[in-house]
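Each chain, written out:
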Amino acid sequence: MKTFSRVAAWAAIAIAAIVNAAGYLFNLYRFAGFDKVLHGYTLFAITFVVAYFCDDRVLTGQRKHPVLLFLAVTLIGVGIGGVWEVLEWWYDMTTAANTIRGKYDTMFDLVVDTAGAALAAVAHILRGRRTPEPVI
């Protein structure tokens with residue numbers, strides 16, 4: 001089960017990378033909602049992998065508290081989403097792209113990033129408590 005979980009998490013990352021690349025290559029962002037769904041999914045995938053590392057390596061202890069684990073993992077995902085938005089801004093500033101479509105776009109991206117990160121935290125907690133896995 002451990003190997004399956006690890007493979008599933010990395011597969012989610014691979015799918016996110018492929019769909020993100022396809023979005024830019026084939027201008028899929030022109031479809032309503034594509035950007036928002038992709039933001040939520042990408043942050044889910046990234047945060048789910050990070051959760052394995054953090055839970056097994058950083059957040060270990062005799063008494064793991066599920067609420068604190070949920071908050072920690074969610075906030076890690078929100079942080080990744082914030083960095084993502086900074087990188088989008090940087091991309092717009094250094095190229096002729098027009099990725100950012102105003103404050104509403106950025107804020108809504110952060111909202112769905114937060115939802116994806118929270119979903120990853122719940123999924124991680126629901127997978128159960130097991131012995132630490134090797135580093136991914």
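Rules of the game
- Residues numbered from 1 in each chain as written.
- Predicted model: local features only at pLDDT ≥ 70, side-chain atom pairs only at ≥ 80, totals over all residues.
- Heavy atoms only, no water.
- Helix = DSSP H or I, 4+ residues; strand = E, 2+ residues; numbered from the N terminus.
- Buried < 20%, exposed > 50% of the residue type's maximum accessible area, 1.4 Å probe, protein only.
- Contact = heavy atoms within 4.5 Å.
- Areas by Shrake-Rupley, 256 points an atom, 1.4 Å probe, with all protein chains shown as cover.
- Phe/Tyr/Trp six-rings, centres within 6.5 Å; stacked < 30°, edge-to-face > 60°.
- Salt bridge = Lys/Arg side-chain N within 4 Å of Asp/Glu carboxyl O.
- pLDDT = per-residue confidence, 0-100.
- Core = buried A, V, L, I, M, F, W, Y, C linked by side-chain atoms within 4.5 Å.
- Axes fitted to C-alpha atoms, helices over the stretch in contact; angles between N-to-C directions.
- Left-handed = near helix turned anticlockwise from the far one by under 90°.

J.: Describe the overall build of the chain, listing the residues and the values that go with them.
T.: Tallying secondary structure elements over the chain gives 4 helices and 0 strands in all. For the chain, the α and β elements follow one another from N to C terminus as α-α-α-α. Burial status across the chain gives 37% buried among its 136 residues. Here the analysis covers contacts within the chain between residues at least 6 apart in sequence; of these, 77% occur between residues at least 24 apart. On the chain, roughly 8,100 Å² of surface is accessible, and the fraction owed to carbon and sulfur atoms is 75%.

J.: So what about the environment of Trp10? Which residues, and what values?
T.: By the secondary structure assignment, Trp10 is in helix H1 (residues 2-25). Here the alpha-carbon distance between Trp10 and Phe48, two residues 38 residues apart in the chain, equals 9.0 Å.

J.: Residues and numbers for the packing of aromatic side chains, please.
T.: The final tally for this structure, using the stated rule, is 6 aromatic pairs. Between Phe44 and Phe48, the aromatic rings sit 5.6 Å apart at their centres with planes inclined by 15 degrees, giving stacked as the arrangement. One end of the pair is Phe44 and the other is Phe48, both in helix H2 (residues 34-58) and 4 residues apart, which spans about a single turn. Overall, the relative accessible area of 13% leaves Phe48 in the buried class. Members of the aromatic cluster, joined through ring pairs, are Tyr24, Tyr29, Phe34 and Tyr91.

J.: Requested: an account of the pattern of salt bridges, with residues and values cited.
T.: Counting across every chain of the model gives 3 salt bridges. A salt bridge links Asp105 to Lys36, with the shortest nitrogen-to-oxygen separation between them at 2.7 Å. Of the two residues, Asp105 is situated in helix H4 (residues 103-126) and Lys36 in helix H2; the sequence distance between them amounts to 69 residues. The pair formed by Asp105 and Lys36 is uniform in burial state, with each residue classed as buried. Note that Asp109 is salt-bridged to Lys36, the shortest N-O span being 2.8 Å. Taken together, the residues span a long stretch of sequence, with Asp109 in helix H4 and Lys36 in helix H2 at a distance of 73 residues. There is no split in this pair, since Asp109 and Lys36 are both buried. Each of Asp35, Lys36, Asp105 and Asp109 takes part in a single network of salt bridges with overlapping partners.

J.: Which residues make up the confidence of the model for the chain, and what are the values?
T.: In this model, the chain carries a mean pLDDT of 84, and residues with pLDDT of at least 70 account for 83%. Here H2 stands out as the least confident element of the chain, with mean pLDDT 83; H4 is the most confident, with 91.

J.: How would you summarise the nonpolar core if you had to cite specific residues and measurements?
T.: Membership of the largest hydrophobic core is limited to 6 residues, which are Ala9, Phe44, Phe48, Val49, Tyr52 and Ala120. Ranked by the residues each element gives to this core, the list is headed by H2, at 4 residues. Contacts of Ala120, omitting those with residues within four sequence positions, involve Phe44, Thr47 and Phe48.

J.: Now, about the packing of helix H3 (residues 66-94) against H4: what can you tell me, with residues and values included?
T.: The axes of two packed helices give the description: the angle between them and the distance between them. It is the contact of H3 with H4, at a shortest axis distance of 8 Å, that shows an interaxial angle of 145 degrees. Crossing geometry of H3 relative to H4 is assigned as right-handed. Counted together, Pro66, Leu69, Phe70, Val73, Thr74, Gly77, Val78, Gly81, Gly82, Glu85 and Glu88 of H3 and Thr106, Asp109, Leu110, Asp113, Thr114, Ala117, Ala118, Ala121, Val122, His124 and Ile125 of H4 form the full contact between these two elements.

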